[in-house]
Amino acid sequence: NAGVTQTPKFQVLKTGQSMTLQCAQDMNHEYMSWYRQDPGMGLRLIHYSVGAGITDQGEVPNGYNVSRSTTEDFPLRLLSAAPSQTSVYFCASSERANEKLFFGSGTQLSVL
Amino acid sequence: GEDVEQSLFLSVREGDSSVINCTYTDSSSTYLYWYKQEPGAGLQLLTYIFSNMDMKQDQRLTVLLNKKDKHLSLRIADTQTGDSAIYFCAAWFSGGYNKLIFGAGTRLAVHP
């Protein structure tokens, strides 16, 4: 019953550092996505993938990279962290686009 | 454009009904969703409605959809303190790319 698993739960970075947020799902879902949640702004889509080897940009992709080498994993890379990237990050997956989206428990990231 | 809007705050007395409203623009979504987020947690799919339906009832939850006015509402009967959370409505948009867009969230506060 793992569902969508995100690691780490908390992370503190210094400006300019890079890191990877991990996301894995065990439901054989085709569609995976990354959102960031900021106070008063709801959730904004960063990147998404409709299947292994296929990724595309969402609303706020700048400063982030993704890859989808397997169906299960969809890591999010911060190339050079900035304070503006302080946020809560959620990974989500669905069987395919236009279906119910299931969320991980989130990663709280602070960039100092 | 693609947008989902909700009021930001609702306060109700325990035992009363809560009604959370949402409007959306030009969605091609097959389903429209309500998610619930408790403090420090991820988003949990609460309920959803097929876009060809007008109403769906699920225990204390009633979802109403007015497709002509692009208006979605969530009614919680006999609201309890455990219902205190942020509620998000969401719809899929496929202009350019498939994405699930969320409203900014309505914070429901339940008081004795």
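See the structure above.
The sections below set out a description of the structure shown in this document.

Conventions we followed
- Residues numbered from 1 in each chain as written.
- Chains lettered and ligands numbered in written order.
- Predicted model: local features only at pLDDT ≥ 70, side-chain atom pairs only at ≥ 80, totals over all residues.
- Heavy atoms only, no water.
- Pairing = 2+ DSSP bridges.
- Helix = DSSP H or I, 4+ residues; strand = E, 2+ residues; numbered from the N terminus.
- Axes fitted to C-alpha atoms, helices over the stretch in contact; angles between N-to-C directions.
- Core = buried A, V, L, I, M, F, W, Y, C linked by side-chain atoms within 4.5 Å.
- Buried < 20%, exposed > 50% of the residue type's maximum accessible area, 1.4 Å probe, protein only.
- Contact = heavy atoms within 4.5 Å.

Here we take up the sheet that holds strand β6 (residues 55–58) of chain B. Residue and element names in this part refer to chain B. Strands sit in the order β1-β3-β8-β7-β6 across an open sheet of five strands; the sheet is antiparallel. Two strands in the sheet have a free side with no partner beyond their single neighbour: β1 (4–6) and β6. Each strand axis lies, on average, 15° off the axis of its neighbour in the sheet, ignoring direction. Pairing between β1 and strand β3 (residues 18–24): three bridges, direction antiparallel. Bridge pairing links E5 to T23 in β3.

Attention now moves to the nonpolar core. Counting 22 residues, the largest nonpolar core has B:V4, B:L32, B:W34, B:L72, B:L74 and B:Y87 as the members making the most contacts within it. Of all the secondary structure elements, the ones that give two or more residues to this core are β3, β4 (31–37), β7 (61–66), β8 (71–76), β9 (85–93) and β11 (106–111) of chain B. No other element matches β9(B), which puts five residues into this core. Excluding anything up to four places from it in sequence, B:V4 contacts B:C22, B:T23, B:Y24, B:C89, B:F93, B:I101, B:F102 and B:G103. Counting 19 residues, the second-largest nonpolar core is a separate cluster that includes A:L43, B:Y33, B:Y35 and B:F102.

For the rest of this paragraph, the subject is the sheet that holds strand β3 (residues 19–25) of chain A. Residue and element names in this part refer to chain A. Taken together, the four strands give an open sheet; going across it, the order is β1-β3-β8-β7, and neighbouring strands pair in antiparallel fashion. If you trace the sheet from one side to the other, it starts and ends with β1 (4–7) and β7 (64–66), each paired once. Geometrically, the sheet is characterised by an average inter-axis angle of 20° between neighbouring strands, direction not taken into account. Here four bridges tie β1 to β3, and the two strands are oriented antiparallel to one another. Each bridged residue has a counterpart across the sheet, and for V4 the counterpart in β3 is Q25.

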